[in-house]
Amino acid sequence: MKVLIAFNQPAEETPENELDRISETAVENQVDAVMRSVRDLGYEPICLGVKNLEIDLEMIEQFRPDVVFNLCEGYRGSARHEMHVASIWELLGLPYTGNTPLTLGLAQDKVLSKQLFRALSVPTPDFQVFTEVEQKFELDFPVIAKPSREDASLGITATSVVNDEIGLRRAVADLLKRYRQPVLVESFIDGREFNVSLLGNQPARVVAVAEIQFTDLPADQPRITSYEAKWLPDHPAYRQTPSICPAKIDAALRSRLDETALQVYSALHGRDYGRVDMRVDHSGKVFVLEYNPNPDISADAGFARALHAAGIKYSQFVSTIIEQAIARKNNDSNPKNAASRSFSNL
Ligand SMILES: Nc1ncnc2c1ncn2[C@@H]1O[C@H](COP(=O)(O)OP(=O)(O)O)[C@@H](O)[C@H]1O
Ligand SMILES: [Mg+2]
């Protein structure tokens, strides 16, 4: 079986994208991990850094893959094309792994997904959207300002959490200028942070819950997973925000996190795998921050650790989602079989 491992070829480095590019290049570690498993499984892998559609299509034509392992998080440095790349596999009629263009698009627009969560009574922090700096502020401080259509903590630093009007206007102005998209301003949820990894289709299951620990952060730093904390190993915040998996939580909290994460997955039509980021305030109330339809699945990232905690081998995960993609394709022609097989055998 021929497996095309498709990923977003990171954009050329420029003075403007130098920092944000670090998270983009992390996709290469995911390619390595998936390629190793594909080989171990006895399949034939070929890696394609998607960057020039004409040339890429020629290469696909020559290779004639049986399935695409889709790791594309964007196209030519732009995350907004994440859904469009998945549409190419869809239109070519190639079975592909992971979330659909619809889910990728919904999840990428944090405002749209929050509106959907609200409509379905999935708890999410109160919010306001800023398209210009001088809009009336309608929430209570503290709040956090973030780009509404990025991920990987892009644009999220210690100065994103603000306690007054001056800080807010400054943060909004900076994000509008840098990311050229509406700014999402949310009530800041002070408390614990959890990542819930999900797997499967009808029924989906929670793989494991991880907690980000903020106890080592200096008292003057906001308790958040900033860009530095996620991507810059030499930055103190990186060491000071370890992720613990499985999280040390009681059964009642675990079941509330599981239930909420599965609600999110179902609301956004999640497919194959994903991760829900949540916070829990001091009164124990759960809030959904976002759904990640393309979580980092490299060997040392959170999703792989969740698999390990659940006793699922990484190569078993890779083989199951490949099988699922192929089964979907085979079932497509028969509407009675539209629902995918479950992951209950894992
Ligand atoms: N409303 C919020 N309250 C508290 N912390 C938040 C809130 N929104 C975001 N954060 C912090 O910022 C990080 C990144 O935000 P998130 O919404 O998950 O965006 P991204 O897509 O960049 O991961 C979170 O992991 C969390 O630490
Ligand atoms: Mg997140």
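Preceding block: the structure.
About the criteria used
Residues numbered from 1 in each chain as written. Chains lettered and ligands numbered in written order. Predicted model: local features only at pLDDT ≥ 70, side-chain atom pairs only at ≥ 80, totals over all residues. Heavy atoms only, no water. Near = heavy atom within 4 Å. Polar contact = N/O pair within 3.5 Å; in protein donor to acceptor, adjacent residues only side chain to side chain. Areas by Shrake-Rupley, 256 points an atom, 1.4 Å probe, with all protein chains shown as cover. 1 Å grid on protein atoms, 1.4 Å probe; cavity = no way out; pocket = protein on both sides within 12 Å on 5 of 7 lines; lining within 4 Å. Sits in = over half its atoms within 2 Å of the grid points. Helix = DSSP H or I, 4+ residues; strand = E, 2+ residues; numbered from the N terminus. Points joined across faces, edges and corners; volume = space filled by probe spheres on them. Nonpolar A, V, L, I, M, F, W, Y, C, P; charged D, E, K, R; others polar. Buried < 20%, exposed > 50% of the residue type's maximum accessible area, 1.4 Å probe, protein only. Arc of directions from axis to C-beta. Contact = heavy atoms within 4.5 Å. Pairing = 2+ DSSP bridges.

Undergrad: Go over the site of ligand 1 with me, naming the residues and quoting the values.
TA: The immediate surroundings of ligand 1 are formed by 21 residues, with Lys-110, Lys-146, Ser-153, Glu-186 and Glu-193 found nearest. In the environment of ligand 1, a nitrogen atom lies 2.9 Å from a nitrogen or oxygen atom belonging to the backbone of Ile-189. Expressed as a share of its isolated accessible area of 550 Å², the protein-covered part of ligand 1 is 99%. Spatially, ligand 1 is embedded in the largest cavity. Put simply, the parts of the chain that give the shell around ligand 1 at least two residues each are strand 5 (143–147), strand 7 (183–187), strand 11 (273–281) and strand 12 (286–292).

Undergrad: Help me get a handle on empty space enclosed by the protein, residues and values and all.
TA: Taken as a whole and judged by the stated rule, the model has three cavities of 30 Å³ or more. Of the volumes computed, that of the largest cavity is approximately 330 Å³. Lining the largest cavity are 23 residues, with Ile-144, Lys-146, Ile-156, Glu-193 and Leu-289 sitting closest to its centre. For the lining of the largest cavity, the elements supplying multiple residues, two or more each, are strand 5, strand 7, strand 11 and strand 12. In terms of residues, the lining of the largest cavity owes the most to one element, strand 5, which gives three residues. A class-by-class count of the residues in the lining of the largest cavity yields ten nonpolar, three polar and ten charged.

Undergrad: Explain helix 3 (residues 53–63) to me, using residue names and the numbers behind them.
TA: The set of residues buried in helix 3 consists of Asp-56, Ile-60 and Phe-63. One face of helix 3 carries all of its buried residues, which in axial projection span an arc of 70 degrees. Exposed side chains of helix 3 directed beyond 90 degrees from the buried face belong to Glu-54, Ile-55, Glu-58, Glu-61 and Gln-62. Taken together, the buried residues of helix 3 touch strand 1 (2–8), strand 2 (44–50) and helix 4 (82–92). Backbone geometry just downstream of helix 3 places Arg-64 in the positive-phi region, at approximately 50 degrees.

Undergrad: So what's going on with the pairing of strand 12? Residues and values would help.
TA: Taken across its seven residues, strand 12 has seven buried, putting it largely inside the fold. One ladder, built from six bridges, connects strand 11 with strand 12; its direction is antiparallel. Looking at strand 12, one finds that Val-276 is bridged to Tyr-291. Connecting strand 11 to the next strand, strand 12, in antiparallel fashion are four residues, including Gly-284 with a positive phi near 90 degrees.

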